[in-house]
Amino acid sequence: MDAARLKQSWSLVAEHGDQVPLYFYSTLFLAHPETRQMFPTNMAGQRDRLVTALGHIVSNVDQVDRLVGFLQDLGADHRKFAVRAEHYPAVGEALLATLQHFLAEQWTAELAQDWAAAYGLVAQVMSEAAQAAEAVNPPWWVAEIVAHERRAFDVAVLTVRPQYLLPFTAGQSIGVSHPSVRSWRYYSPANAPRADGTLELHVRAAPGGAVSSRLVYGSSVGDRIHLAAPVGDRLGLWAAGSSDLLLLASGTGWAPVKALVEQVAAEGSRRRVDLYVGARSRSEFYDSDAIDKLASSYPWLAVTYVVGADGGRPGEFVHAVDRALADGDWRSRHVYVCGSDEMVSHAVQALARAGYHAGQVHHEGLGKQWYGPGWRTAVDQSIVGDTSGGGLR
Amino acid sequence: MSATPISRYDGVQVSGGVQVRMTADRVRRWEFGTAPFARRGYDNADVDRFRVQVADELDLLATQIASLRAENERLNDRVELHRHGVIPSAGTAAAKAPAAKEVNLLSAAQREAEQIIAQAHDYARRVAEYARMQYESYMRAAAEEAKQEAERAVADYRSSAGPSFDDTVATREALRIFGEMMVSHMQAAARHLDDGSEQLARTMDRIAKETPGAPFAAGPAAAQAALPRHHQR
């Protein structure tokens, strides 16, 4: 296998942009129509992901040891899409046909062999990892919605009960899908692990979000949804040692922060926790009953609500971090931030300017959602391997 | 060509309880019994027995070869699959691969579907944003009006009460008026929303009837569920 030749041919193909994955999927669906129903109706996001993943694989093809972890995760994870061994050759055929189409007369027998060999390796690592993962956990968990509360126009709080225990730690995210939508979103459970295994999910219906709209508007108690293995550990409490905490949350970014508060309560460590919860307007504090209850139950917890938009001063927006930094000096603490990408990046910048070092500020990745185009391809930057995603709210 | 895959086959001649394999060599060396009564030729019974056995043997071998060939093909494919991830030699792959024209046609259809979906989402987003702004300005205006009304009531009270003016009474009165005004505004808004929701329910019903496979199979109950909880009766 000639890595340089492989990379060079890929760069030629990649110049065609979105045409490439479009051609690939159309070829796959025409040759194997039964695979169409494994994908969502809207394939736009899917195409980005394919190209990003392929690009990542090709650019690291001569450093197989760096790829293996990525591919193993990918293979184990693809089980939740009901991918089976026989799908791998079908994908390989479509890939080769696509490359051949775009390379036209530059497609040679040697190149075909290179690509076939490279894909064979990828398919082998992925399917072996998928098989190995079978021994560890199921491809997905079926869970029943046991409570569904609309808390705002576009926010619902769901309690779901998986049929089998789904182990996770506070701050992690789990995959969520509705059987009818064929796509997955990641949500952080808003609770520390419970004895009865139930999970609380805070879902905001995103414009155009098939899963979130379905969960908020189109599902009710008794419905079955699918959950996938937890990912991410950047918001884990372990990173903070035993130090006191400053928690900054906005919108449904409150969910993992709530889990952290519960976790602190469960570990009984008596650390001090100051929580700043932000929302655009007063009516958007969708979980204030629970927040007030936590605040009154735990003397070590202090809560401040921060209303972002003030009717009297339109155009100005106060973030939770602005209020927190105005209130005091928290530099001896570990800071956890969760909210929209915009909120998180604002908070991270403000904290850095105020002299907080990166090691004490914890947040999920920016700009790359779980299953966004950059999902898991940023392995190089992270210590733990799979935490490139985040910002799911 | 090695014969190792055929470790055992069932074509056996049982003679004296000992299993003897029928081989080409044995066929060549087979000695037929001599015919009685000095007739020329072999013993017919002997020959028949031999022929039947050879025929059976060949049948068996033929089926075994066929199944081994299939098995071999399968294993070869697996090896190729492991080595390349695809079956390049299948030849069928090239024949089966859809033509670029077909592929592009499907791609165009997919693109168009996505555009329609995106337009629908964009429209929904604009409607929601518009509604949010309407709501906020309505609330602001209602609060402002209620506040003015309350202030007027306090001023009236102040001028009529003269020296007996009581701050607590004034505050209570102001709050009462403010509250009543807000309640009446909210009731008006709720009536307005009720009209809207009924219209929405009718629209959803109509859509559900027109599109049998619609994911949000509506009906009044579903339409009701799609409304905020303060609005469900």
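Residues numbered from 1 in each chain as written. Chains lettered and ligands numbered in written order. Predicted model: local features only at pLDDT ≥ 70, side-chain atom pairs only at ≥ 80, totals over all residues. Heavy atoms only, no water.

- Where an unreviewed UniProt entry is consulted, chain B appears under the name DivIVA domain-containing protein, with the organism given as Micromonospora parastrephiae.

- An unreviewed UniProt entry lists chain A under the name nitric oxide dioxygenase, with Micromonospora parastrephiae given as the organism.

1. A closer look at the overall build of chain B
Turning to step 1, where the next piece is worked out: Helix and strand counts for chain B come out as six helices and two strands.
Turning to step 2, where the next piece is worked out: Mapped in sequence order, the helices and strands of chain B form the string β-β-α-α-α-α-α-α.
Turning to step 3, where the next piece is worked out: For chain B, the proportion of contacts with a sequence separation of at least 24, taken over those separated by at least 6, is 48%.
Turning to step 4, where the next piece is worked out: Roughly 17,500 Å² of accessible area belongs to chain B as shown, and the carbon and sulfur atoms make up 58% of that amount. (Helix = DSSP H or I, 4+ residues; strand = E, 2+ residues; numbered from the N terminus. Contact = heavy atoms within 4.5 Å. Areas by Shrake-Rupley, 256 points an atom, 1.4 Å probe, with all protein chains shown as cover.)

2. With respect to the overall build of chain A
Turning to step 1, where the next piece is worked out: The number of helices and strands found in chain A is eleven helices and eleven strands.
Turning to step 2, where the next piece is worked out: Buried residues in chain A amount to 54% of all 393 residues.
Turning to step 3, where the next piece is worked out: Taking all contacts inside chain A whose residues are at least 6 apart in sequence as the whole, residues at least 24 apart take part in 73%.
Turning to step 4, where the next piece is worked out: Summing over all exposed atoms, chain A offers an accessible surface of approximately 16,300 Å²; the carbon and sulfur share of this is 53%. (Buried < 20%, exposed > 50% of the residue type's maximum accessible area, 1.4 Å probe, protein only.)

3. Topic: helix α8 (residues 254-267) of chain A
Turning to step 1, where the next piece is worked out: When the terminal C-alpha atoms of α8(A) are compared, their 20 Å separation across 14 residues agrees well with the 20 Å that a helix rising 1.5 Å per residue should span.
Turning to step 2, where the next piece is worked out: Listed as buried for α8(A) are W254(A), A255(A), P256(A), V257(A), K258(A), A259(A), L260(A), V261(A) and V264(A). (Expected span 1.5 Å × (residues − 1).)

4. A closer look at the nonpolar core
All names here are of chain A.
Turning to step 1, where the next piece is worked out: With 43 residues, the main nonpolar core has Y25, L71, W107 and W115 as its most contacted residues.
Turning to step 2, where the next piece is worked out: Among the elements of the structure, α1 (3-14), α2 (19-31), α3 (44-59), α4 (64-77), α5 (87-103) and α6 (109-134) are those that each provide at least two residues to this core.
Turning to step 3, where the next piece is worked out: The greatest single-element share of this core, amounting to ten residues, is contributed by α6.
Turning to step 4, where the next piece is worked out: With near-sequence residues (within four places) excluded, L71 lies in contact with I57, V122, V125 and M126.
Turning to step 5, where the next piece is worked out: Judged by nonpolar contacts, the second largest core, of 28 residues, contains V264, A279, F285 and Y336. (Core = buried A, V, L, I, M, F, W, Y, C linked by side-chain atoms within 4.5 Å.)

5. Examining the packing of α3(A) against α4(A)
If you want to describe how two helices pack, look at the angle between their axes and the distance between the axes.
Residues and elements named next belong to chain A.
Turning to step 1, where the next piece is worked out: With their axes 9 Å apart at the nearest point, α3 and α4 run at an angle of 150° to one another. Comparing the axis directions of α3 and α4 gives the class roughly antiparallel. Here A53, H56 and I57 of α3 lie close against α4, whose contacting residues are L67, F70 and L71.
Turning to step 2, where the next piece is worked out: Across the contact of α3 with α4, the residue classes break down as five nonpolar, one polar and no charged. (Axes fitted to C-alpha atoms, helices over the stretch in contact; angles between N-to-C directions. Parallel < 35°, antiparallel > 145°, perpendicular 65-115°, else oblique. Nonpolar A, V, L, I, M, F, W, Y, C, P; charged D, E, K, R; others polar.)

6. Examining the packing of aromatic side chains
Residues and elements named next belong to chain A.
Turning to step 1, where the next piece is worked out: Counted by the stated rule, this structure contains eleven aromatic pairs over all chains.
Turning to step 2, where the next piece is worked out: Aromatic pair W10 and W115: ring centres 6.2 Å apart, planes at 50°, arrangement tilted. Linking W10 in helix α1 with W115 in helix α6, this pair joins segments that are 105 residues apart in sequence.
Turning to step 3, where the next piece is worked out: A residue is classified by how much of its surface remains accessible, and W115, at 3% relative accessible area, is buried.
Turning to step 4, where the next piece is worked out: Taking the centre distance of 4.9 Å and the plane angle of 70° together, the rings of F285 and Y305 count as edge-to-face. With a gap of 20 residues between them, F285 in the loop between β8 (273-279) and α9 (288-297) and Y305 in strand β9 (residues 301-307) connect regions that are remote in the sequence.
Turning to step 5, where the next piece is worked out: Looking at F285, the relative accessible area reads 12%, which means it is buried.
Turning to step 6, where the next piece is worked out: You can call Y305 partly exposed: its relative accessible area is 25%.
Turning to step 7, where the next piece is worked out: Among the aromatic residues, those joined into a ring-pair cluster are F24, Y25, F29 and F39.
Turning to step 8, where the next piece is worked out: The ring of W184 has K80 sitting right over it, with the charged end atom 5.3 Å from the ring centre. (Phe/Tyr/Trp six-rings, centres within 6.5 Å; stacked < 30°, edge-to-face > 60°. Lys NZ or Arg CZ within 6 Å of the ring centre and 35° of its normal.)

7. Let's talk about the pairing of strand β1 (residues 141-152) of chain A
All names here are of chain A.
Turning to step 1, where the next piece is worked out: Alignment of β1 against strand β6 (residues 224-231), held across four bridges, turns out to be antiparallel. From the neighbouring strand, V142 faces β6, where its bridge partner is H226.
Turning to step 2, where the next piece is worked out: When β1 meets strand β2 (residues 155-162), the two strands line up antiparallel, connected through eight bridges. The partner of A147 across the bridge, within β2, is T159.
Turning to step 3, where the next piece is worked out: The hairpin formed by β1 and β2 contains two residues between the paired strands. (Pairing = 2+ DSSP bridges.)

8. Side note on the sheet that holds β6(A)
All names here are of chain A.
Turning to step 1, where the next piece is worked out: Strand order in this open sheet of six strands is β4-β3-β6-β1-β2-β5, and the pairing throughout is antiparallel. Each of the sheet's edge strands pairs with one partner strand only, and the pair in question is β4 (185-187) and β5 (199-204). Here the strands of the sheet are splayed against their neighbours by 40° on average, with no regard to which way each runs.
Turning to step 2, where the next piece is worked out: Sheet contacts for helix α7 (residues 210-217): β1, β2, β3 (173-177), β4, β5 and β6; angle to β5, the most-contacted strand, approximately 110°.

9. With respect to the sheet that holds β8(A)
Residues and elements named next belong to chain A.
Turning to step 1, where the next piece is worked out: Read from one edge of the open sheet, five strands run β9-β8-β7-β10-β11, paired in parallel fashion. With one partner strand each, in any of the chains shown, β9 and β11 (361-362) form the two edges of the open sheet.
Turning to step 2, where the next piece is worked out: Pairing geometry for strand β7 (residues 245-250) and β8, over six bridges, is parallel. Each residue of the ladder has a partner; that of L248, found in β8, is Y276.
Turning to step 3, where the next piece is worked out: Relative to β7, α8 is tilted by about 150°, and along the sheet it contacts β7, β8, β9 and β10 (334-338).

10. A few points about α5(A)
Residue and element names in this part refer to chain A.
Turning to step 1, where the next piece is worked out: The first and last C-alpha atoms of α5 sit 24 Å apart over 17 residues, in line with the 24 Å expected at 1.5 Å per residue.
Turning to step 2, where the next piece is worked out: Burial runs high along α5: 13 of the 17 residues are buried.
Turning to step 3, where the next piece is worked out: Positioned one or two residues after α5, A104 has a phi angle of 45°, which is positive.

11. Some thoughts on the packing of α1(A) against α3(A)
Residue and element names in this part refer to chain A.
Turning to step 1, where the next piece is worked out: As a packed pair, α1 and α3 sit with axes 9 Å apart at the nearest point and diverge in direction by 155°. By the angle class used here, α1 and α3 are roughly antiparallel. As α1 packs across α3, the resulting crossing turns out to be left-handed. Residues L6, K7 and W10 of α1 touch α3, and the partners they reach there are V51, L54, G55, V58 and S59.
Turning to step 2, where the next piece is worked out: Of the residues that constitute the contact of α1 with α3, the class distribution is five nonpolar, two polar and one charged. (Left-handed = near helix turned anticlockwise from the far one by under 90°.)

12. A few points about the pattern of salt bridges
Residue and element names in this part refer to chain A.
Turning to step 1, where the next piece is worked out: Overall, the coordinates contain 25 salt bridges over all chains when judged by the stated rule.
Turning to step 2, where the next piece is worked out: Where D114 meets R5, a salt bridge forms, and the shortest distance between an N and an O atom there is 2.7 Å. Residue D114 is located in helix α6, and its partner R5 is located in helix α1; the two are separated by 109 residues in the primary sequence.
Turning to step 3, where the next piece is worked out: Classification of R5 by relative accessible area gives partly exposed; the value is 31%.
Turning to step 4, where the next piece is worked out: D329 is paired through a salt bridge with R331; the nearest N and O atoms lie 2.8 Å apart.
Turning to step 5, where the next piece is worked out: D329 gets classed as exposed once you look at its relative accessible area, which sits at 52%.
Turning to step 6, where the next piece is worked out: What makes R331 partly exposed here is its relative accessible area of 45%.
Turning to step 7, where the next piece is worked out: Look at the salt bridges and you will find they share partners, linking E149, R151, R194, E200, K258 and D287 into a network. (Salt bridge = Lys/Arg side-chain N within 4 Å of Asp/Glu carboxyl O.)

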